Amino acid sequence: MAQTCSEYLNFILTSSFGRLSPQSLAHILTFRLYNTFTNQKEVFVPLTPGIVRMYNCGPTVYGRPHIGNLRSFLFADVLRRWLEYKGFDVKQVMNITDVGHLVDDADEGEDKMLAQAAKEKIDPWAVAERYMKEFLSDLGALNFLPAMIYPRATDHIPEMLEMVQGLVATGYAYEVDGDVYFDVSKFPAYGKLSGNRVEDLVAGSRIAVREEKRNPADFALWKSDEKHLMKWDSPYGPDGFPGWHIECSAMARKHLGEQLDIHTGGEDNVFPHHECEIAQSEAFHGKQFAKFWAHAKFLQVDGGKMSKSLGNVYVLDDITDRGFEPRVLRYTLLRGHYRQPLNFTWDILEESRASIENWDRLAQDLGRLSEDVEAAPLGMEHVERARKEFEEGMDDDLMVPRALGAMGTLRGAVGRGEVAGEAAREALNFVKSVDSILGVIRFEDGSLEASIQSRIDARTQARSAKDWAESDRIRDELLAEGIALEDGPDGVIWRRV
Ligand SMILES: [Zn+2]
């Protein structure tokens, strides 16, 4: 596979892959994404021209995702939307972990699913069902584009066992009394993503030493426990369940193939989860598992860590209970750069609401200006500058704040009356393309506009007939629907309030 941009471009131009023009290819190859694996931004080039295979570590469904989890998933949604904007066909897979994720994220502690089941006095399958539904409903409310598939770990036990058995057969893994461990000493590259060295891990307190392990840093692929409520028969005994890491390796392989273009997660997934995924997958098939590893930073709340004891582990309902629409949370979580710490406060949420309403108004103003077909084109340079700034910002490792800055500059020009006619229509298209990434702006649809306009016309008629009662009635009726009328020199204009 060609590695550099120019080689890639030549490869495309000389291959049968002719769907895209050279100009649009040059456009595609400008996206630079930060790769945790190399610790630098790199030009994104997919393994197969035009197609992106992207795997996102999804939730462990033992509770409602909190807003910090949502930030990490939202990063994946924005990334997918930007890749689609660039013309790629994105195959996106986000897994659902419903077994095997232990409390310490490694080999110790209770299974999170079982701990929650005991707390709620229901069985773990019911816990999985309940929180998976809540998760998917949160994604819908937050306007996520649906992934190609949300595979569940419990539906992929044969695929996991195939990998476990393969790793045992080739000596990368070994069995001890029904448990199967990955032998990190057999995979010298272990640590290449996180920068951890096996000898440091052994000395550190992160690894609890289990006697049956050959090396303290070895990790579980399969565990046996007759008391575990979610268990499967396997060559290692009748009461087994998978380790959390092997789930992602097996589900990625099943749905996207052995090599991924991008693997995402939260910053806490780098170690041990993603490090272990790399070891398992690459030891199993001998190829590079993922070309890009991309991680979103944690969300802070009130300038610090979220914690149950502080009562600030918020979920979507906490936001909507205070009168904020889900789109306000979406905007709050994506308006910063995904690799910068982002702080959440109720004041910031309030600010976000005001910003979104400004974008709504910008779209309305442009809608109105666009309808004036007589107006001479004015201010095309503002639109072109904004589009360039937006695309350069997003191409630079998804720099959303720059994209928002571009839209803000355009808003200023519209406010000063410097955009009209054809340029207004282009500006509206631009705002729509920014929102194909943001997913938060409310564009008035034609039927609503028609209904408002017909009532504005009726009110104008009533006013010319000096029927003030009817004129006021129509104004109040619209206001009750959140539409305010303003009488200006060029006639009546309306705004959402
Ligand atoms: Zn994962």
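Residues numbered from 1 in each chain as written. Predicted model: local features only at pLDDT ≥ 70, side-chain atom pairs only at ≥ 80, totals over all residues. Heavy atoms only, no water.

1. Re the packing of helix 3 (residues 67-85) against helix 13 (residues 380-395)
Following both chains from N to C, one finds helix 3 and helix 13 inclined at 125°, their axes separated by 11 Å at the closest point. Between helix 3 and helix 13, the interaxial angle falls into the category oblique. Crossing handedness for the pair helix 3 and helix 13: left-handed. Facing helix 3, whose interface residues are Val 78, Trp 82 and Tyr 85, helix 13 presents Phe 390, Glu 391, Met 394 and Asp 395. (Axes fitted to C-alpha atoms, helices over the stretch in contact; angles between N-to-C directions. Helix = DSSP H or I, 4+ residues; strand = E, 2+ residues; numbered from the N terminus. Parallel < 35°, antiparallel > 145°, perpendicular 65-115°, else oblique. Left-handed = near helix turned anticlockwise from the far one by under 90°. Contact = heavy atoms within 4.5 Å.)

2. Overview of the side chain of Glu 391
One can find Glu 391 in helix 13. Arg 387 provides the closest opposite charge to the buried, unpaired Glu 391, separated from it by 4.7 Å. Within polar-contact distance, the side chain of Glu 391 engages the side chain of Tyr 85 at 2.6 Å. (Buried < 20%, exposed > 50% of the residue type's maximum accessible area, 1.4 Å probe, protein only. Lys, Arg positive; Asp, Glu negative; His and termini not counted. Salt bridge = Lys/Arg side-chain N within 4 Å of Asp/Glu carboxyl O. Polar contact = N/O pair within 3.5 Å; in protein donor to acceptor, adjacent residues only side chain to side chain.)

3. Points about the domain arrangement of the protein chain
Here the protein chain is described as being made up of domain 1 (52-66 + 78-296), domain 2 (319-438) and domain 3 (446-496). Relative to domain 3, the C-alpha centre of domain 1 lies at a distance of 58 Å. (Domains from an automatic or database assignment.)

4. What about the sheet that holds strand 7 (residues 219-224)?
Read across the open sheet, the five strands follow the order 5-6-7-9-8; overall the sheet is antiparallel. Sheet topology places strand 5 (173-176) and strand 8 (232-234) at the edges, where each strand pairs with a single neighbour. Between one strand axis and the next, the sheet turns by 35° as a mean value, whatever way the strands run. Where strand 6 (residues 179-182) lies against strand 7, three bridges are found, and the strand directions are antiparallel. Its bridge partner lying in strand 7, Val 180 is registered against Trp 222. Each of strand 6 and strand 7 touches helix 9 (residues 270-285); the most contacted strand, strand 7, lies at about 85° to it. (Pairing = 2+ DSSP bridges.)

5. So, the coordination of the zinc ion
Distances from the zinc ion to its protein donors, Cys 57 (SG), Cys 248 (SG) and His 273 (NE2), fall within 2.1 to 2.2 Å. Summarised as a motif, the one-chain spacing of the donors to the zinc ion is C-x190-C-x24-H. With Cys 57 in the loop between strand 3 (51-56) and helix 3 and Cys 248 in helix 8 (residues 244-256), the pair connects residues that are 191 residues apart, well separated along the chain. Here the two residues Cys 57 and Cys 248 agree in accessibility, since each one is buried. (Donors = N, O, S within 2.8 Å, 3.2 Å for Na, K, Ca; no water.)

6. Considering the packing of aromatic side chains
Under the definition given, this model contains 21 aromatic pairs. Between the aromatic rings of Phe 75 and Tyr 338, the centroid separation amounts to 4.1 Å while the plane-to-plane angle is 15°, which identifies the pairing as stacked. Placement of the pair is Phe 75 in helix 3 and Tyr 338 in the loop between helix 11 (326-334) and strand 13 (342-344), with a sequence separation of 263 residues. Each member of the pair Phe 75 and Tyr 338 is classed as buried. When the centroid spacing of 6.0 Å and the interplanar angle of 35° are considered together, the rings of Tyr 174 and Tyr 181 count as tilted. (Phe/Tyr/Trp six-rings, centres within 6.5 Å; stacked < 30°, edge-to-face > 60°.)

7. Describing empty space enclosed by the protein
A full pass over the atoms with the stated rule returns three cavities of 30 Å³ or more. If you trace the largest cavity, you find it lined by Arg 71, Leu 74, Phe 75, Val 78, Leu 333, Leu 334, Gly 336, Tyr 338, Leu 398 and Val 400. Taken together, the elements giving at least two residues each to the lining of the largest cavity come down to helix 3 and helix 11. The biggest single contributor to the lining of the largest cavity is helix 3, with four residues. For the lining of the largest cavity, the residue count by class is eight nonpolar, one polar and one charged. Lining the second largest cavity we find Gly 100, Leu 102, Ala 106, Asp 107, Ala 220, Lys 223, Gly 243, Trp 244 and His 245. Those elements that provide at least two residues to the lining of the second largest cavity are strand 7 and helix 8. For the lining of the second largest cavity, the class distribution of residues is four nonpolar, three polar and two charged. (1 Å grid on protein atoms, 1.4 Å probe; cavity = no way out; pocket = protein on both sides within 12 Å on 5 of 7 lines; lining within 4 Å. Points joined across faces, edges and corners; volume = space filled by probe spheres on them. Nonpolar A, V, L, I, M, F, W, Y, C, P; charged D, E, K, R; others polar.)

8. Things to note about the environment of Trp 82
Relative to the helices and strands, Trp 82 resides in helix 3. The spatial distance from the C-alpha of Trp 82 to the C-alpha of Tyr 174 is 43 Å, given a sequence separation of 92 residues. Residues contacting Trp 82, with those up to four places away along its chain left out, are Phe 31, Phe 390, Glu 391, Met 394, Asp 395, Leu 398 and Ile 437.

9. Side note on the pattern of salt bridges
Applying the stated rule across the entire model yields 47 salt bridges. With a closest N to O distance of 3.0 Å, Arg 353 and Glu 350 form a salt bridge. Separated by three residues within a single helix, Arg 353 and Glu 350 lie in helix 12 (residues 346-371), roughly one turn from each other. With relative accessibility at 22%, the residue Arg 353 sits in the partly exposed group. For the salt bridge of Arg 475 with Asp 476, the shortest nitrogen-to-oxygen distance reads 3.4 Å. One salt-bridge network, held together by shared partners, links Arg 32, Lys 41, Lys 388, Glu 389, Glu 392, Asp 396 and Arg 402.

10. Here we look at the pairing of strand 15 (residues 491-496)
One ladder, built from six bridges, connects strand 14 (residues 483-488) with strand 15; its direction is antiparallel. Counted as the bridge partner of Leu 485 is Trp 494 from strand 15. In sequence, strand 14 turns back onto strand 15 through a hairpin of two residues.

11. Examining the layout of surface pockets
Roughly 1300 Å³ of internal volume is contained in the largest pocket. Looking at the largest pocket, it is lined by 43 residues, and the ones nearest its centre are Tyr 62, His 66, Asn 69, Lys 112 and Asp 268. Sorting the residues of the lining of the largest pocket by element identifies helix 3, helix 4 (112-120), helix 8 and strand 12 (299-301) as the ones contributing at least two each. Class assignment of the residues belonging to the lining of the largest pocket gives a composition of 17 nonpolar, 17 polar and nine charged. Estimates place the volume of the second largest pocket at around 760 Å³. What lines the second largest pocket is a set of 25 residues, and nearest its centre among them are Gln 364, Asp 365, Arg 368, Leu 369 and Ile 493.

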